[in-house]
Amino acid sequence: NELWSRLKEISLGGATVKTLTSEDLLFVLCVHHAKDGWEWLERARDIAALVGQSPDLQWEEIIQRARRFGGLRMLLLGLFLASDLFEMRLPSRVEQLIQEDSSLEILAQEIRRRSDRQAQAGPSVWQRLRFHLKVRERFIDQVRFLVFLALSPSGSDWESLPLPIWLCRRIRKIPELASF
């Protein structure tokens, strides 16, 4: 709701469309790439480009929102990778926060190693789980992630345990489960 309340209007192809503010887009990109486990390291270019094209970013506002939503580490990781890979300059406040979180360098090294081996094989289930827990700085968010993971069937879960057709029809009528 908070993101939607701050949408701004831009002109695109002669039409007016609503989009995220640069501050919100930066945060969303960092969270999204963390959610994907930074499988495509070149996505840090998106972050570097956005920061480069937005010289008036309200950094303190971005930091406070990220902290409030429990996504500060995800934000800082994205900024750290973009800065490191594309020599993007960061404000001193952001650099200070990056220096204060020793887990960022470890996460970045893990992402780089994984990226180097990407052609061979992706990360194991346990490596992904560990990454997703480490990228969350608050314990409650780690617990929420584990609960969500435990209660959300994956595609392979559905394939390995097919449900009777009558039950599938009922599940599709439940809005929260309709996407399965």
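For the structure itself, consult the block above.
Residues numbered from 1 in each chain as written. Predicted model: local features only at pLDDT ≥ 70, side-chain atom pairs only at ≥ 80, totals over all residues. Heavy atoms only, no water.

Asks: Just checking my understanding: could you explain the nonpolar core for this structure?
Replies: The tendency in soluble globular proteins is for nonpolar side chains to be buried side by side. Counting residues in hydrophobic clusters, the biggest one holds 37 residues, and the most contacted among them are Leu-26, Trp-38, Ile-47, Trp-59, Leu-75, Leu-77 and Leu-79. Of all the secondary-structure elements, those providing two or more residues to this core are α2 (22-35), α3 (44-53), α4 (59-68), α5 (72-86), α6 (92-100) and α7 (103-116). Ranked by the residues each element gives to this core, the list is headed by α5, at nine residues. Leaving out residues up to four positions away in the same chain, Trp-38 has contacts with His-33, Arg-43, Ala-44, Ile-47, Leu-77, Gly-78, Leu-81, Ile-111, Arg-114 and Phe-131. (Core = buried A, V, L, I, M, F, W, Y, C linked by side-chain atoms within 4.5 Å. Buried < 20%, exposed > 50% of the residue type's maximum accessible area, 1.4 Å probe, protein only. Helix = DSSP H or I, 4+ residues; strand = E, 2+ residues; numbered from the N terminus. Contact = heavy atoms within 4.5 Å.)

Asks: Would you take a moment to explain the environment of Gly-71 for this structure?
Replies: Within the secondary structure, Gly-71 sits in the loop between α4 and α5. For Gly-71, a relative accessible area of 2% puts it in the buried group. Residues in contact with Gly-71, not counting those within four places in the same chain, are Phe-27, Ala-66 and Glu-137.

Asks: Help me understand the packing of α2 against α3 in this model?
Replies: For the pair α2 and α3, the least separation of the axes is 10 Å and the interaxial angle reads 170 degrees. Of the possible angle classes, the one that applies to α2 and α3 is roughly antiparallel. For the pair α2 and α3, contact is made by Ser-22, Leu-25, Leu-26, Leu-29, Cys-30 and His-33 and by Asp-46, Ile-47, Leu-50 and Val-51, respectively. Of the residues belonging to the contact of α2 with α3, the class tally is seven nonpolar, two polar and one charged. (Axes fitted to C-alpha atoms, helices over the stretch in contact; angles between N-to-C directions. Parallel < 35°, antiparallel > 145°, perpendicular 65-115°, else oblique. Nonpolar A, V, L, I, M, F, W, Y, C, P; charged D, E, K, R; others polar.)

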